[in-house]
Structure formats: structure tokens, C-alpha cells
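Chain by chain, the residues:
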Amino acid sequence: MKRFTATLLGSALAGLLVTAGATAQETLKIGWIGPLSGWGTFGGTAIMRGTALAIDHINAEGGVHGRMLELVPRDSAAKPEQAITVARELIDRENVYALIGKFDSSSAKALNPVIHEGGVPMMLSIAAATKNIEYERDPNFMFRTSGADHFIAEFLVDFAMKEYGAEKIAIGFEDTGYGFGGRDDITRALEAKGMEPVAKVKFSRPDTDMTAQAQIIKRSEADAVILYSIAKADAMMIRSLNKVGAETTVICAWAASSPELPKFAGPLGEGITVMQTYSFLDENLDDLGMRMRADFMAKHEIPDPTKIPFPAFTAHAYDGMLLLGAAMKKSDLSLDSADLASDRMKIRDTLETGLGPVQGLIKTYDPAFTKDNHDSVGPADYIMTVWNEGKLVPYKGKHDWGKKH
Amino acid sequence: MFQATLSGLAVGSLFALIAVGFNLTFIVNRTVNFAHGQWVAVGSLLAFTLLVEWQMPLLVTIIGTGVLLGILGVALERVGIRPMLGHSLSLGFIMSTLAIGIMLENAALWWWGSTALFVPSPLGEERIDVFGAGIYPQEAVIPAVTALMLAGLALLYRFTRLGRALRATAENPEAARLMGIDAKRMIGFAYGLAGLMAGVAGVLVAPLTGALAAAGAGLGLKAFAIAIVGGLDSITGTLIAGLLLGVAEQYIALYISPGLRDVGVFAIVIVILLVRPFGLLGTREDEKV
């Protein structure tokens, strides 16, 4: 962690130097908001790195309207109040053209009033809670390349039923906005199939013991349990289920893609399936995926693609930035600071009306968004992966779940 | 039922071990370290450094962590407690221990970071079957360590000169001083002992939940409730309260709802305190002459 902090400080310093140099060439600023400290550090870092690499690639191809893009990152520490403060700073003082980032849904939701007040389009890379996009707003400035919980829930229920023939499904969730949202979405997804959860158990991230929750799941005779929490809490639950002798199949939402899962669950993490949208280990990785993977590994000195942390989070951030860049290119921007508000609105309009085709990692976006759909990644883009010897690899199963359907 | 009881006893004895830290200091001078939970969290982080980063043997980790926190405990008494006790109603120590706890937690966050650090159990991860119920070796060893530590304390108090001096200081510091006992030193020693217990508890808890800088407040609050319920001046009472609330917590979560676990446990705490304001085995202050 000390080394990590030092690297982060070094990167920030380098960023400042780049900022100083780049400002002279009148770069176009993109504000990034997400956790670089606190519990979301690892996820936030993955999202920032994905965004930064997309900017590298856009700039390598000439930038936008002949100008280079510049990422201005701000740490929100996964706290809504801090996210609001840094968003205001980016909008009012840094004069960014657009915002991107996030990790925790509570901060993402809290940003809605701020970005709409400021009239700045924002691309949510990761923030799955269904209500993060407030469709009652018109014009709506919030867009998302993240998975969305209501789709994820449907996908996970579908997976449990088709892959394992599960008829009794339980839900384990953490007591946060993320967990409660997941519980409600899975309950709705089950109801749509004429079922209801056989057990709903709540736990807290710092719990010293989850035996009772595991016993409730065992008592419910659930065929499968869907876990909706951060990876460490998922791992604690998996250990508790093993302790009480429950033979329930465990399926995890995508936060379990963190390397903390195999670390804290130990051998019990082996074979745990996790919903994802992208894998750098796909045998049929396309040219863009190969290029991104190679550049990403070189930039961050990662020796082995299995060691890329949070691959899907990185990919979502990369695609979100590509879409923002494409929208900026397609928009007739004046690039005059006096017209910033109008340029921001133009970018928003382009995002919403017929942007595409844009080739990204997860898919080719065509159209990326519509007025009624600000979610560009849907259930058809989801895949299942599995923890195998400490690596998260595409899961084949009975229906080749590692491939998009 | 048996599974819940087994797990409840393991968790309960862990919290009792933490809670005894409150007893040790309260007995000698009616003060407690309100940041005792942060001490435990730092103990678990030290366990990570010694056991995982430096690959030290378990015994060295336990002794090293215990001694370090013991020294920290003595230092806390010197700078955070003693200067605050101007008169019998002085409450400055509450603020000073809380403040030092916050400083300690922030220093720990800076040094170890804010994510949970994985500490493998030196005893392995193989589930042990006990009449159909399951328990991990790390959980199974907690009641044994708690029993050992408390037995050690009982022996110290009953059969050693140091123990007698501690008891004398607790009974009447003024009289103890007249008998040639350095009461201030005894109080410092009690704080050192409480620090040592926090260190051992930290080593025990680390493989269960991971070592986490921010975990202190949660651990401390629950342990404090246990010490209050048991009686702040009764180590036996604290042990009974720890086991009782540990098992009650499991039953409430299992038979009522995991969501109502804390509501139920703290409701029990309040009811016990209504019936016995000085705790299960606590002594009424005015009866001590």
C-alpha cells in the first residue's frame, strides 16, 4: 500500500507536470471523478487507468478537432459529499467539457443534481444502481457504459436457472445502497419468472461472523444463492456457507471480480462464478482488445494479462471515454471558452442522438444511446466468468456463458 | 441451534477478551481507554506486518504485537490519562483517549491503507466438524486463548506481589501509597496489560476478518457494551456477558432476522442495565468502603 500510495503520488505529480505543459497547448479537459483512496481505491484506479488509456489512444490518432484531450482526475474517496465538491470544482474552475468516472452508486446518484445544474455530460463507467440514471430529467446529462443492476439481476437469475437448474434461489446482500439495490432487482427478476427468493440475508462488510446468515441459506434449501456485495464480504459469506455445511451453489455479481475474492476465500473461491462484461483472456480477442491489452500492460508494467485487475471495470471506462471522444469529434464545437456551456450541450445532444457506430472493447455501439436509453451496455453484452487458480477466466458451462449471446 | 451456540461462544469469547481491557484499567483508577477498539485494530495490522510481510513465526507475532501495544498502553496512560485526572469528576480522559484513538486510526490508515489486508490463519482453513456443526481452527482457538489469558490474569492477581499491589491500588490508592506501593506505576502497568490484551486480540481477529484500520470503532463499541453489561469492575462478569451476548447475537440473527441482530443485542444490553445498573457482577460503588 505504501508503494501504491507513492506510485499514486508520483502519477499525480506527473499529471500536474503534464497539465502545466498541456495547458499551454490549450487541451480539452475531461474531468474524472472516482475513488483513489478509501475502500474503493482498487476499483477506482482500474477505472481511471481505462479512461486514461482511451485518452492516450484518442490523442495518438490526432485528438479531437486537432486538440489533445487532457484528463483531470479528482479523488472522491467513494464519498458522495466529496464527489459533489470535486465535481463542482471540475465544472466551474477546471472548465471541463465532460465528466467521466465513478465506482460507487451512492456518489453517482448524488452527482445528478450537480451535473444537471452545471449542464455537463457525464459518462458513468461503473455505477450499476438502476436509479443512477434519472430519466425524468430532460435534457438528461447522465450516460452510462456500466452494467445496470436490473439487467444484471435478470442475467444472474437466468444463469442460475439455465446452468444449474435452480428452482430455489436465495439472495445474500450487504447493507449498502449497492446491496439493497441488488436485493430489490433480483427479487423483481425472480418475480418476473413467477418465483420469489427462498431467503434474503443481509450482512455488513466488517462483520466478524456470518454464520447465522449462512445457516438461514442452508435452512432455506436454496439450490443457488446470488451474492451482492464487495468481494471481501462475498468471500466471508462463502467461508461461512462452507462452515455450516451448506451445499448451495454461489453466484456473484460483478464486484467479486476483485482479486480479494480468491485471497479471502482461499480454495473455496475456486469455481465461484462472477458476472462480467469483458475478459482480456477471451480466446477470440479482437484487434482493439489486443491493442488495448498490450498497451495497458506495457503502461502499467503488468507481466501477465491474468494479472489485470478488474478487467471489466477497465473496459467499461475505456469504452465510455471512446464514446465521449467520438461524440466530441462528431459535434460542431466552437472550442471557445466563452461558448463552453453550448459546447457541453452539443456533446450531450450528440451522445443522445445517433452516435455510432463506435467500436469499443465490449461491443460496437450503434447507436450508443437514445433519448429513452442512456445505458449502452445491456444483458446481451454480459458474460459469466469463473475463478480458476486465482484467475478470472470466461466460464463455458452448459451454454458457453463466457461468450456474448 | 448447536452451530449457532458454537459460533456464538467463539465470537463471544473474542469480544470478552477485548472487553477485559476495559476492566483492567477501570478496576485500578476508574478510567478506560475509549479507543481500545482502535488498539485491537492496530494489533491486527501489526499481525499482518509481522506474520505476512516479515514472515515471522506465530509466537514472535503474538509476543511482538502484545509487547508493542503494551508499551503503547503505558504511554497512553502517561500522556492521555494521568494529566487529565485533576479531580475525582474529571472526564478529560474520555476526550483524550478518543482523540488519541482517532490519531492512531489515521496513522494506521496512512501506513497500512484503507482496504482489508489478508492474514492467513497459521492454523489452516480446514473446517472442523463438531457433532455436525462446523468451525474453523482459528475460531476454535479463540475460546482457548481467552481462557488462558484470563486464567493468567487470575493467577497474577491472586498469587503475585504485583497482583496484590494492583488490587491494593484498586481498593484504596491512598492507603496503598502509604504501604509503599507506587500507585501511579500500578495504573501504568494496568494500561500496559490492557494494551497487551488488545494486541493478542488483534492477532486473533486478523485471520477472521482481515486486518483493517477502520475496524476499531465497531470492535470497541461492542466490547465496551459487554464490559458494561458484565460490570466494569468484574472480569468474570465480562466473560459471562461476552459469551451470553455472543450466543444471543447468533440466536437473534438465526431465529428472528440478521437485520435485527444489533437491535436485539443492544435491547438486551439496555434491559440488563435497567435491572442491574452496575452490570451482571459489577459492584455498587457506594458499597465499596
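About the thresholds
Residues numbered from 1 in each chain as written. Chains lettered and ligands numbered in written order. Predicted model: local features only at pLDDT ≥ 70, side-chain atom pairs only at ≥ 80, totals over all residues. Heavy atoms only, no water. Helix = DSSP H or I, 4+ residues; strand = E, 2+ residues; numbered from the N terminus. Rg over C-alpha atoms; globule rule 2.2 N^0.38 Å. Buried < 20%, exposed > 50% of the residue type's maximum accessible area, 1.4 Å probe, protein only. Contact = heavy atoms within 4.5 Å. Areas by Shrake-Rupley, 256 points an atom, 1.4 Å probe, with all protein chains shown as cover. Lys, Arg positive; Asp, Glu negative; His and termini not counted. Charge placed at Lys NZ, Arg CZ, Asp CG, Glu CD. Buried area = accessible area lost by both parts, 1.4 Å probe. Salt bridge = Lys/Arg side-chain N within 4 Å of Asp/Glu carboxyl O. Nonpolar A, V, L, I, M, F, W, Y, C, P; charged D, E, K, R; others polar. Pairing = 2+ DSSP bridges. Axes fitted to C-alpha atoms, helices over the stretch in contact; angles between N-to-C directions. Left-handed = near helix turned anticlockwise from the far one by under 90°. Phe/Tyr/Trp six-rings, centres within 6.5 Å; stacked < 30°, edge-to-face > 60°. Lys NZ or Arg CZ within 6 Å of the ring centre and 35° of its normal. Parallel < 35°, antiparallel > 145°, perpendicular 65-115°, else oblique.

Draft legend 1. Main features of the overall build of chain B. Of regular secondary structure, chain B possesses 11 helices and two strands. In sequence order, the secondary structure elements of chain B are arranged as α-α-α-α-β-β-α-α-α-α-α-α-α. Taken over C-alpha atoms, the radius of gyration comes to 19 Å for chain B, in line with the 19 Å a tight globule of 289 residues would show. Projected onto the principal axes, the alpha-carbon positions of chain B cover approximately 60 × 45 × 35 Å. Out of the 289 residues belonging to chain B, those deemed buried represent 54%. Considering only contacts in chain B between residues 6 or more positions apart, those separated by 24 or more positions represent 73%. For chain B, the computed accessible surface area is about 12800 Å², with 72% contributed by carbon and sulfur atoms. Charged side chains of chain B number 16 positive and 16 negative; the gap between the two group centres comes to 10 Å.

Draft legend 2. Expanded view of the interface of chain B and chain A. At the junction of the two partners, chain B supplies 32 residues and chain A supplies 29 residues. Around 2700 Å² of area is buried between chain B and chain A when both sides are counted, 55% of it from carbon and sulfur atoms. Seen at the junction of chain B and chain A, the total is three salt bridges. A salt bridge links A:Asp207 to B:Arg261; its shortest N-O distance comes to 2.9 Å. Of all the secondary-structure elements, those providing two or more residues to the side of chain B that touches chain A are α1 (2–29), α4 (92–112), β2 (133–135), α8 (183–209) and α10 (235–256) of chain B. With five residues, the single largest contributor to the side of chain B that touches chain A is α1(B). Looking at the side of chain B that touches chain A residue by residue, the classes come out as 18 nonpolar, 10 polar and four charged.

Draft legend 3. Just the sheet that holds strand β13 (residues 383–388) of chain A, in detail. Residue and element names in this part refer to chain A. Read across the open sheet, the seven strands follow the order β7-β6-β8-β9-β10-β13-β14; overall the sheet is mixed. Unpaired on one side and paired on the other, β7 (199–203) and β14 (391–394) mark the two borders of the sheet. If you compare each strand with its neighbour and ignore which way they point, the axes differ by 30° on average.

Draft legend 4. Fine view of the packing of α1(B) against α10(B). Residue and element names in this part refer to chain B. One can describe the packing of α1 onto α10 by two numbers: an axis separation of 7 Å at closest approach and a directional angle of 145°. The two elements α1 and α10 meet at a crossing, and its hand is right-handed. Its residues assigned to classes, the contact of α1 with α10 shows 14 nonpolar, 10 polar and one charged.

Draft legend 5. Inspection of the packing of aromatic side chains at higher detail. All names here are of chain A. Scanning the model with the defined rule gives 19 aromatic pairs over all chains in all. Seen in terms of ring centroids, Phe155 and Tyr382 are 5.6 Å apart; in terms of plane orientation they differ by 85°. Their pairing is edge-to-face. Remark: Tyr382 occurs in the loop between β12 (364–365) and β13 and Phe155 occurs in helix α5 (residues 149–164); sequence separation between them is 227 residues. Considered together, Phe155 and Tyr382 belong to a single accessibility category, that of buried residues. Taking 5.5 Å as the distance between ring centres and 85° as the angle between the ring planes, the aromatic pair formed by Phe159 and Tyr164 counts as edge-to-face. Owing to a relative accessible area of 0%, Phe159 belongs among the buried residues under this scheme. Judged by relative accessible area, Tyr164 falls into the partly exposed class, the value being 31%. Here the aromatic residues Phe155, Phe159, Tyr164, Tyr382, Tyr395 and Trp401 are joined through ring pairs into a cluster of three or more. Over the face of the ring belonging to Phe264 we find Lys232, whose NZ or CZ atom lies 6.0 Å from the ring centre. In this structure, Arg348 is placed above the aromatic ring of Phe141, and the distance from its NZ or CZ to the ring centre is 5.7 Å.

Draft legend 6. Examining the packing of α1(B) against helix α5 (residues 137–159) of chain B more closely. Residue and element names in this part refer to chain B. Contact geometry of α1 with α5 gives a least axis separation of 7 Å together with a crossing angle of 30°. With respect to their mutual orientation, α1 and α5 come out roughly parallel. Once α1 is placed against α5, the crossing between them reads as left-handed. Contact with α1, carried on its side by Leu9, Ala10, Ser13, Leu14, Leu17, Val20 and Leu24, involves Glu139, Ile142, Pro143, Thr146, Met149, Leu150, Leu153 and Tyr157 of α5 and no other residues of that element. Counted by class, the contact of α1 with α5 contains 12 nonpolar, two polar and one charged residues.

From the geometry alone we can't say anything about function, so treat these as descriptive.
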